[in-house]
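Secondary and tertiary structure notes
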Amino acid sequence: MTQKLRAGIVGGTGMVGQRFIALLENHPWFQVTAIAASANSAGKTYEESVKGRWKLSTPMPDNVKNIPVQDASHVEEVASGVDLIFCAVDMKKNEIQALEEAYAKAGVPVISNNSAHRWTPDVPMVVPEINPEHLEVIAAQRKRLGTETGFIAVKPNCSIQSYVPMLTALRGFQPTQVVASTYQAISGAGKTFTDWPDMLDNVIPYIGGEEEKSEQEPLRIWGTVEDGAIVKASGPQITTQCIRVPVTDGHLATVFVSFENKPSKEEILESWKNYKGRPQELELPSAPKQFITYFEEDNRPQTNLDRDLENGMGISAGRLREDSLYDFKFVGLSHNTLRGAAGGAVLIAELLKAKGYITAR
Ligand SMILES: NC(=O)c1ccc[n+]([C@@H]2O[C@H](COP(=O)([O-])OP(=O)(O)OC[C@H]3O[C@@H](n4cnc5c(N)ncnc54)[C@H](OP(=O)(O)O)[C@@H]3O)[C@@H](O)[C@H]2O)c1
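Residues numbered from 1 in each chain as written. Predicted model: local features only at pLDDT ≥ 70, side-chain atom pairs only at ≥ 80, totals over all residues. Heavy atoms only, no water.

Remarks on the side chain of Arg-19
Here Arg-19 is to be found in helix H1 (residues 15–23). Look at Arg-19 and you get buried, because its relative accessible area is 18%. Arg-19 has contacts with Leu-56, Asp-249, His-335, Thr-337, Leu-338 and Ala-342, leaving out every residue within four places of it along the chain. (Helix = DSSP H or I, 4+ residues; strand = E, 2+ residues; numbered from the N terminus. Buried < 20%, exposed > 50% of the residue type's maximum accessible area, 1.4 Å probe, protein only. Contact = heavy atoms within 4.5 Å.)

Section: the domain arrangement of the chain
The parts lose accessible area when they come together, and the size of an interface is often stated as this lost area. Annotation of the chain at the domain level lists domain 1 (5–157 + 342–354) and domain 2 (159–335). Averaged C-alpha coordinates put domain 1 and domain 2 at centres separated by 25 Å. Facing the 34 residues of domain 1 at the interface are 40 residues of domain 2. Both faces combined, the contact of domain 1 with domain 2 buries some 2,800 Å², and carbon together with sulfur accounts for 66% of it. (Domains from an automatic or database assignment. Buried area = accessible area lost by both parts, 1.4 Å probe.)

Here we look at the packing of aromatic side chains
The tally for this structure, following the rule as stated, stands at 10 aromatic pairs. Here Trp-29 and Phe-30 contribute two aromatic rings whose centre-to-centre distance is 6.4 Å and whose plane-to-plane angle is 85 degrees, an arrangement assigned as edge-to-face. On the accessibility criterion, Trp-29 (23% relative accessible area) is partly exposed. We classify Phe-30 as buried; its relative accessible area is 1%. (Phe/Tyr/Trp six-rings, centres within 6.5 Å; stacked < 30°, edge-to-face > 60°.)

Things to note about the environment of Ser-115
Within the secondary structure, Ser-115 is located in the loop between strand S5 (109–112) and helix H6 (138–145). Its relative accessible area of 35% is what places Ser-115 among the partly exposed residues. Sequence separation between Ser-115 and Lys-65 is 50 residues; the distance between their C-alpha atoms is 28 Å.

Topic: the pattern of salt bridges
Under the definition given, this model contains 12 salt bridges. Between Arg-144 and Glu-101 there is a salt bridge, with the nearest N and O atoms lying 3.2 Å from each other. With Arg-144 in helix H6 and Glu-101 in helix H5 (residues 93–105), this pair connects stretches of sequence that are 43 residues apart. (Salt bridge = Lys/Arg side-chain N within 4 Å of Asp/Glu carboxyl O.)

Quick look at the site of the ligand
In the vicinity of the ligand, 21 residues are found, and the nearest of them are Thr-13, Val-16, Ser-38, Ser-41 and Arg-53. The contact in question runs from an oxygen atom of the ligand to an N or O atom on the backbone of Gly-14, over 3.1 Å. One of the backbone N or O atoms of Ser-187 is found 2.9 Å from an oxygen atom in the ligand. When the ligand sits alone it has 910 Å² of accessible area, and the protein chains cover 75% of it. Class assignment of the residues belonging to the shell around the ligand gives a composition of 7 nonpolar, 12 polar and 2 charged. (Near = heavy atom within 4 Å. Polar contact = N/O pair within 3.5 Å; in protein donor to acceptor, adjacent residues only side chain to side chain. Areas by Shrake-Rupley, 256 points an atom, 1.4 Å probe, with all protein chains shown as cover. Nonpolar A, V, L, I, M, F, W, Y, C, P; charged D, E, K, R; others polar.)

Some remarks on empty space enclosed by the protein
Summed over the entire model, instances satisfying the criterion amount to 1 cavity of 30 Å³ or more. Empty space within the largest cavity amounts to approximately 40 Å³. If you trace the largest cavity, you find it lined by Val-126, Val-127, Pro-128, Lys-155, Gln-161, Arg-339 and Gly-344. (1 Å grid on protein atoms, 1.4 Å probe; cavity = no way out; pocket = protein on both sides within 12 Å on 5 of 7 lines; lining within 4 Å. Points joined across faces, edges and corners; volume = space filled by probe spheres on them.)

Regarding helix H8 (residues 210–221)
In this model, H8 (12 residues) spans 16 Å end to end at C-alpha, consistent with the 16 Å of a helix rising 1.5 Å per residue. All buried positions along H8 are accounted for by Glu-210, Ser-214, Glu-215, Glu-217, Pro-218, Leu-219, Arg-220 and Ile-221. (Expected span 1.5 Å × (residues − 1).)

Examining the layout of surface pockets
The calculated volume of the second largest pocket comes to roughly 750 Å³. What lines the second largest pocket is a set of 35 residues, and nearest its centre among them are Arg-19, Ala-22, Leu-23, Asn-311 and Leu-338. Secondary-structure elements contributing two or more residues to the lining of the second largest pocket are H1, helix H12 (309–312) and helix H13 (338–354). Looking at the lining of the second largest pocket residue by residue, the class counts come to 17 nonpolar, 10 polar and 8 charged. When residues of the lining of the second largest pocket are sorted by domain, at least three fall in each of domain 1 (5–157 + 342–354) and domain 2 (159–335).

Section: the pairing of strand S1 (residues 5–10)
Where a strand is regular, its side chains alternate between the two sheet faces. When you tally the buried positions in S1, you get 5 out of 6 residues, the bulk of the element. Here 6 bridges tie S1 to strand S2 (residues 30–37), and the two strands are oriented parallel to one another. Across the sheet, the residue bridging to Val-10 is Ala-36, located in S2. Between the parallel pair S1 and S2, the chain is carried across by H1, and the sense of this crossover is right-handed. (Pairing = 2+ DSSP bridges. Right-handed = clockwise from strand over helix to strand, strands pointing away.)

This is how it looks when you write it as structure tokens:
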């Protein structure tokens, strides 16, 4: 068997970091060899540093318990033991930008869960099934950073996975206007019901910064690569409302959409069923076999029943019907901490490895 690539998790003690640790436990290509966090955690074993704050329902993997947590600011030291890093830190935006660039300049591929670099022109923001061609900007980024091996690639916000895949499959019919409301799980705020009892029996009609991300990020995903930078698409117009609801995991979206060339319901269903991306063609380890699954039942998809579809990497759709104001309306669902966070980032890393952007250093 070929040697696995050595993965570091920067922010490995946090909630998203823990998801990375769990997802990589038996990964065929990547093995966690380094974990870094703040100076408060550095010097302890991983098990000691997350004592009392392991948030997953599955137990901590044995293979990481004795890994000594490093100080993430000691970039050269962490970089020397890894072939790539996954980054999920809670710091100020400019600090995250500087930290991720420091790792990239040290020659390390950085796959980031953070939003800090989502609008840096030469940083690809990727959903592997949708815009794998954006990886082309990495060449320009490497030139800017002065490195032949390092770079930063990011995943988009967790909310957009619940509706952008379905809209992407329909781009040929030219969507013109989209209204999307998202019903978002508390894990998207890094919380459980124990940490956030106010969310029991409650709905909060505000998630800071989320509507702007949900309206703008799809346009960057649908953008084009021009002169070593991503230029965002000019449409469709998207307006959103993002609401926090009392569920643990899973973001559900209700969507209204109008088209330049209105398709039939059958054409939409056919487009969703047949939509395949590079991860499916390359049979990447974390890729869902079927990217978009349509449920015929009127009461599906349901957050609790359907969020784990295809190990939390599949996208569910349902309730497609004509609308009286817009052309069509439908419901979408995705797992926010798997497809929308750590799982989406691992899938990006798999695509990058398959395309030769990540190799043993
Ligand atoms: N939770 C989600 O579902 C979700 C979804 C999408 C995006 N995100 C984003 O992902 C990032 C991490 O979120 P989270 O929920 O995992 O946060 P979290 O549970 O608070 O974990 C934060 C991590 O950052 C580390 N950290 C904090 N300050 C640091 C510093 N100065 N230097 C190095 N490491 C430092 C922490 O280390 P210590 O343990 O040592 O303090 C910990 O490992 C955030 O940017 C968040 O916005 C989260």
